[in-house]
2 protein chains.
Amino acid sequence: MVNETMVGLGKKRSVIREIFEYAKIRSAQIGKENVFDFSIGNPSIPAPASVNETLKKLIEETDSVLLHGYTSAQGALSVRESVASSVNRRFGQNTNANLIYMTCGAAASLRISFGALWEEGDELITFAPCFPEYRVFANGAGFKFVLLPSAVGTLQIDLSVLESAINERTKIVLVNSPNNPSGVIYDESNIVGLTDLLKRKEKEYGHPIFLVADEPYRELTYGKEVPYLMNYYDDTIVCYSWSKSLSLPGERIGYIALCERMQGVSDVYAAVCGAGRSLGYVCAPALMQYLVERCGEDTSDIGAYRENRDLLVGGLRSMGYDCIEPDGAFYLFLKSPEEDEVAFCERAKKYELLLVPGGDFGATGYVRVAYCVSKEQIVRSLPAFQKLADEYFK
Amino acid sequence: MVNETMVGLGKKRSVIREIFEYAKIRSAQIGKENVFDFSIGNPSIPAPASVNETLKKLIEETDSVLLHGYTSAQGALSVRESVASSVNRRFGQNTNANLIYMTCGAAASLRISFGALWEEGDELITFAPCFPEYRVFANGAGFKFVLLPSAVGTLQIDLSVLESAINERTKIVLVNSPNNPSGVIYDESNIVGLTDLLKRKEKEYGHPIFLVADEPYRELTYGKEVPYLMNYYDDTIVCYSWSKSLSLPGERIGYIALCERMQGVSDVYAAVCGAGRSLGYVCAPALMQYLVERCGEDTSDIGAYRENRDLLVGGLRSMGYDCIEPDGAFYLFLKSPEEDEVAFCERAKKYELLLVPGGDFGATGYVRVAYCVSKEQIVRSLPAFQKLADEYFK
């Protein structure tokens, strides 16, 4: 009667969402300040002042019919030109407006790219831990979703694991750096190894393998460089979003950028336009397009996330916890002190600590701590983490 | 290498878009005021003052993290409550926030609904003339697209044609009233006939047939009532958009509403949520959600469209043209004075009149005149229409 796959997707709430809902109920019971909700990746820092100033200016100074009217499906030309010139200036590329496609955020960027590339029997490879919705978008486009473990300890891409999994049906390799949920940035040497492998496999199979870079956290880094993948590999598609850098996740604004040296680039761009059309995306929200044209390179006060990270990593390590120091994003991937991380999360709840088990990210034995919260929450939560630690390390 | 269907969709520009691009080139040659572009359905009337006032107020008064943050996937609760109460008050329904799903506009509403309902082998029926993208959205979801001719002369739904086409695999009947491109509103008697037929067929086949109402033009009417389909048929899904009523087509804001008496309504709603997720729609743009919560019942100055309609219909009829007087929307469907309407459009170009051939809407022998233009353009174009008429009627 209806599509059962869609019913399943609609009914099965994500684990993150479950915890988020629990947090609301628990806050009502004992007060919001006593619940340490580390479940959700909603930026805690306001948009930079330039965002609201620019929005008001646009509203006051632009003709309403133009400002709120349809843009072309791929985005307003002036907006795409500004994105292309930013990419060229920042990353030494030579792209242009006709290789940029504005989207309703990174999820749309990914889903449209997948739809553009998929052919019957194709596989998409990505690396655990990863954002759980990758599977949903890949399956939605028709792909077989192949999730590979990362290198133990470092969570870099394990190239020998990749080499044994890659095959003639591999159409896409998807990478996310800085990574959600681990905060890891792939080293340049890791990226060189990855792209060398892909180049060799492209030659062997005689067809392109597309490297899709999901980059919503590109600007959220704490010193380490994030290699720009087009500089290493021509068949690269960058999926970007301003959700995190401008603290605008609800406004749905991002883009797809194709490397100008990509094989069959004009067909790939046409397929992106076709997939956007087929999926019902008429254009990215117009007001937000004009906003990012004007302040797309601004960022929220990212220093606040660094402060949270340092407080949390320092505090947890001193208690005996084991974790990978995040290079970027606003997530900490904590090793569960007991094998079953779901049991650990349940125990943490006793102290009002709400953490997300790693299973949903494809990595059991770990939990995700989203530290895009107030500094005060971090400070107030540390005694609770200590009590929890006492159960394991004393 | 890439998905050829998507390449095709991306490369094949719609006829409307071709004419729109021609208009730009021609305007550069002879001046914008001398080109009578009636090709595109972009509202010509600014958003009501309340829109920009409310946007500024929201920006000034709301916490940035809340205003621009993720809403829940189905839309912010307060927004869905306001939509439900508007539907209940205006149309005597008894729906609630949990049957409303906020979307990125009518295209997303349709595409998500189709994705939610589709099962292998399913068919979707709609009526010519219709919006050409219906086929794209239906095929994108997997449906066989079945386009039926409307009743000659009136362009109402031809119930005997429908009865002979409907079958066990019919999952959706899609109606659009006021209609793009004809401006026709289906009479209440036509809707009663349609829904009686569907009820009979549901009983015969033992499964629901969903009636999907695409209603972006509901508020753009010139006196005639638009029956609210939930009042006639329980298995109704209303797909709404504020693009035309608030002149915000670029901002992508709309909703899906399910009739509370629908068969298996909770599964259908879950499937809608699942399809939105699978298609990469994280949430509808947050700022625009809060906007329509506050002024979703306002409208642009629709009187201007009526004035345009009266001028155009009166003028063209007096010259000898044959057309159906539009009850709503801002389109006029003009009978081509020669059988081949493409040839007629080419001839019209000589007088700088840019009209869209009916073939793309599934109705050859007609052309669409989009009168969402300035009154001045209508006045200045009438002598050109007269010269064109002279070639046929003299």
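Residues numbered from 1 in each chain as written. Chains lettered and ligands numbered in written order. Predicted model: local features only at pLDDT ≥ 70, side-chain atom pairs only at ≥ 80, totals over all residues. Heavy atoms only, no water.

Participant: An account of the domain arrangement of chain A is requested, with residue identities and associated values reported.
Facilitator: Reports of interface size often rely on the accessible area that becomes lost once the parts have come together. All names here are of chain A. Its domain assignment divides chain A into domain 1 (4-47 + 301-393) and domain 2 (50-295). For domain 1 versus domain 2, the distance between C-alpha centres works out to 27 Å. Contact residues are listed per partner, giving 26 residues for domain 1 and 29 residues for domain 2. Around 2,200 Å² of area is buried between domain 1 and domain 2 when both sides are counted, 65% of it from carbon and sulfur atoms. The largest per-residue losses of area from domain 1 upon contact with domain 2 belong to Ile302, Asp327 and Phe361, which jointly make up 26% of the total buried on that side. At the boundary of domain 1 with domain 2, the tally comes to 1 salt bridge. Across the pair Asp327 and Lys224 runs a salt bridge, and its minimum N-O distance is 3.8 Å. Summed over the shared surface of domain 1 and domain 2, the number is 12 residue pairs in polar contact (both at pLDDT 80 or more). The set of elements that each furnish at least two residues to the side of domain 1 that touches domain 2 consists of helix H12 (303-319) and strand E10 (331-335). In terms of residue class, the side of domain 1 that touches domain 2 is made up of 17 nonpolar, 4 polar and 5 charged. (Domains from an automatic or database assignment. Contact = heavy atoms within 4.5 Å. Buried area = accessible area lost by both parts, 1.4 Å probe. Salt bridge = Lys/Arg side-chain N within 4 Å of Asp/Glu carboxyl O. Polar contact = N/O pair within 3.5 Å; in protein donor to acceptor, adjacent residues only side chain to side chain. Helix = DSSP H or I, 4+ residues; strand = E, 2+ residues; numbered from the N terminus. Nonpolar A, V, L, I, M, F, W, Y, C, P; charged D, E, K, R; others polar.)

Participant: Tell me about the sheet that holds strand E13 (residues 366-370) of chain B, and name the residues and values.
Facilitator: All names here are of chain B. An order of E9-E10-E13-E12 is seen for the 4 strands of this open sheet, with the pairing classed as antiparallel. Only two strands of the sheet have a single partner each, and these edge strands are strand E9 (323-324) and strand E12 (356-357). As paired strands, strand E10 (residues 331-335) and E13 are joined by 5 bridges and run antiparallel to one another. Within E13, the residue paired with Lys335 across the bridge is Tyr366. (Pairing = 2+ DSSP bridges.)

Participant: Kindly report on the interface of chain B and chain A, identifying the contributing residues and their values.
Facilitator: Contacts between the two partners involve 73 residues from chain B, matched on the other side by 73 residues from chain A. Where chain B abuts chain A, roughly 6,000 Å² becomes buried across the two surfaces, and 56% of that area is made up of carbon and sulfur atoms. Along the contact surface separating chain B from chain A lie 6 salt bridges. Lys11 of chain A is the salt-bridge partner of Asp267 of chain B, the closest N and O atoms lying 2.5 Å from each other. Linking chain B with chain A are 41 residue pairs in polar contact (both at pLDDT 80 or more). If you list the elements that add at least two residues to the side of chain B that touches chain A, you get helix H1 (4-11), helix H3 (49-61), helix H4 (64-67), helix H6 (105-117), helix H7 (133-141), helix H10 (265-278) and helix H11 (286-295) of chain B. When residues of the side of chain B that touches chain A are assigned to their parent elements, the largest contribution, 9 residues, is made by H10 of chain B.

Participant: Any details on the packing of aromatic side chains? Residues and values, ideally.
Facilitator: By the definition in use, this model includes 36 aromatic pairs over all chains. Ring centres of Phe114 of chain B and Phe143 of chain B lie 6.1 Å apart, and the angle between their planes is 75 degrees; on these two criteria the pair is classed as edge-to-face. Residue Phe114 of chain B is located in helix H6, and its partner Phe143 of chain B is located in the loop between H7 and strand E4 (144-149); the two are separated by 29 residues in the primary sequence. For Phe114 of chain B, a relative accessible area of 0% puts it in the buried group. Residue Phe143 of chain B is classed as buried on the basis of its relative accessible area of 3%. A network of ring pairs unites the aromatic residues Phe38, Tyr321, Phe344, Phe385, Tyr392 and Phe393 of chain A as a single cluster. In this structure, Lys349 of chain A is placed above the aromatic ring of Tyr22 of chain A, and the distance from its NZ or CZ to the ring centre is 4.3 Å. Its guanidinium or amino end placed over the ring of Tyr366 of chain B, Lys335 of chain B lies 5.7 Å from that ring's centre, counting from NZ or CZ. (Phe/Tyr/Trp six-rings, centres within 6.5 Å; stacked < 30°, edge-to-face > 60°. Buried < 20%, exposed > 50% of the residue type's maximum accessible area, 1.4 Å probe, protein only. Lys NZ or Arg CZ within 6 Å of the ring centre and 35° of its normal.)

Participant: So, the nonpolar core: which residues are in play, and what are the values?
Facilitator: Met102 and Val175 of chain A together with Met102 and Val175 of chain B are the most contacted members of the largest nonpolar core, which has 134 residues in total. Among all residues touching Met102 of chain B, those that are not within four sequence positions of it are Gln74, Gly75, Val79, Arg80, Val83, Trp242, Ile253, Gly254, Tyr255, Ala284, Gln289 and Val292 of chain B. (Core = buried A, V, L, I, M, F, W, Y, C linked by side-chain atoms within 4.5 Å.)

Participant: Give a description of the relation of the copies chain B and chain A that names residues and reports values.
Facilitator: Mapping chain B onto chain A calls for a screw motion: a turn of 180 degrees about the axis and a shift of 0.0 Å along it, with 0.0 Å RMSD after fitting. Taken together, the rotation and translation describe the operation of a two-fold axis. When the interface residues of chain B are mapped onto chain A, 100% of them again fall at the interface, so both copies present the same face. (Least-squares fit on C-alpha atoms with pLDDT ≥ 70 in both.)

Participant: Residues and numbers for the environment of Tyr217 of chain A, please.
Facilitator: Residues and elements named next belong to chain A. Following the sequence through the fold, Tyr217 ends up in the loop between strand E6 (210-214) and strand E7 (236-241). Placed 147 residues apart in sequence, Tyr217 and Thr364 show a C-alpha to C-alpha distance of 23 Å. Discounting chain neighbours no more than four positions away, the residues touching Tyr217 are Asn176, Pro178, Asn180, Lys244, Ala329, Phe330 and Tyr331.

Participant: Describe the side chain of Ser182 of chain B, naming the residues involved and giving the relevant values.
Facilitator: Within the element layout of this structure, Ser182 of chain B appears in the loop between strand E5 (170-176) and helix H9 (188-205). Leaving out residues up to four positions away in the same chain, Ser182 of chain B has contacts with Pro129, Leu155, Pro326, Tyr331 and Phe333 of chain B.

Participant: How would you sum up the pattern of salt bridges? Please name residues and give values.
Facilitator: Residue and element names in this part refer to chain A. Taken as a whole, this structure holds 59 salt bridges over all chains when the rule is applied. The residue Glu163 makes a salt bridge to Lys201 at a minimum N-O spacing of 3.9 Å. Of the two residues, Glu163 sits in helix H8 (residues 159-165) while Lys201 sits in helix H9 (residues 188-205), which places them 38 residues apart along the sequence. Glu163 gets classed as partly exposed once you look at its relative accessible area, which sits at 32%.

Participant: Please set out the sheet that holds E7 of chain A residue by residue, giving values where relevant.
Facilitator: Residue and element names in this part refer to chain A. Ordered by their spatial adjacency, 7 strands build an open sheet running E2-E8-E7-E6-E5-E3-E4, and the pairing between neighbours is mixed. Every other strand in the sheet has two partners, leaving strand E2 (100-103) and strand E4 (144-149) as the edge strands with one partner each. Taking the axes of each pair of neighbouring strands and ignoring which way they run, one obtains an average angle of 20 degrees across the sheet. By the bridge criterion, 5 bridges tie E7 to strand E8 (residues 254-258) in an arrangement that is antiparallel. Across the sheet, the residue bridging to Tyr240 is Tyr255, located in E8. Sitting on the sheet, helix H10 (residues 265-278) touches E2, E6, E7 and E8, and the angle it makes with E2 is about 20 degrees. (Axes fitted to C-alpha atoms, helices over the stretch in contact; angles between N-to-C directions.)

Participant: A description of the packing of helix H12 (residues 303-319) of chain B against helix H14 (residues 375-393) of chain B should follow, citing residues and the corresponding values.
Facilitator: All names here are of chain B. Direction vectors running N to C along H12 and H14 enclose 20 degrees, while the axes themselves pass 9 Å from each other. One way to sum up the angle between H12 and H14 is to call them roughly parallel. For H12 against H14, the interelement crossing comes out right-handed. Residues Glu307, Asn308, Leu311, Leu312, Gly315, Leu316 and Met319 of H12 form the contact with H14, whose own contacting residues are Lys375, Ile378, Val379, Leu382, Phe385, Gln386, Ala389 and Phe393. (Parallel < 35°, antiparallel > 145°, perpendicular 65-115°, else oblique. Left-handed = near helix turned anticlockwise from the far one by under 90°.)

Participant: I'd love a proper account of helix H6 (residues 105-117) of chain A, names of residues and values included.
Facilitator: For H6 of chain A, which comprises 13 residues, the first-to-last C-alpha distance of 19 Å matches the rise-based estimate of 18 Å (1.5 Å per residue) to within 8%. For H6 of chain A, a buried count of 13 out of 13 residues is recorded, marking the element as mostly surrounded by other parts of the structure. (Expected span 1.5 Å × (residues − 1).)

Participant: An account of the packing of helix H13 (residues 341-350) of chain A against helix H14 (residues 375-393) of chain A is requested, with residue identities and associated values reported.
Facilitator: Residue and element names in this part refer to chain A. The interhelical angle for the contact between H13 and H14, taken along N-to-C directions, is 130 degrees, at an axis separation of 9 Å. Judged by the inter-axis angle, H13 sits oblique to H14. Note that H13 runs across H14; the crossing there is right-handed. On H14, the residues that touch Phe344, Arg347, Ala348 and Lys350 of H13 are Leu388, Glu391 and Tyr392. Here the residues of the contact of H13 with H14 are counted per class, giving 4 nonpolar, no polar and 3 charged.

Participant: So what's going on with the pairing of E4 of chain B? Which residues, and what values?
Facilitator: All names here are of chain B. In this structure, strand E3 (residues 123-128) lies alongside E4, joined through 6 bridges in parallel fashion. Directly across from Glu123, in E4, lies its bridge partner Lys144. Assessed by its sense of winding, the connection that carries the chain from E3 through H7 to E4 is right-handed. (Right-handed = clockwise from strand over helix to strand, strands pointing away.)

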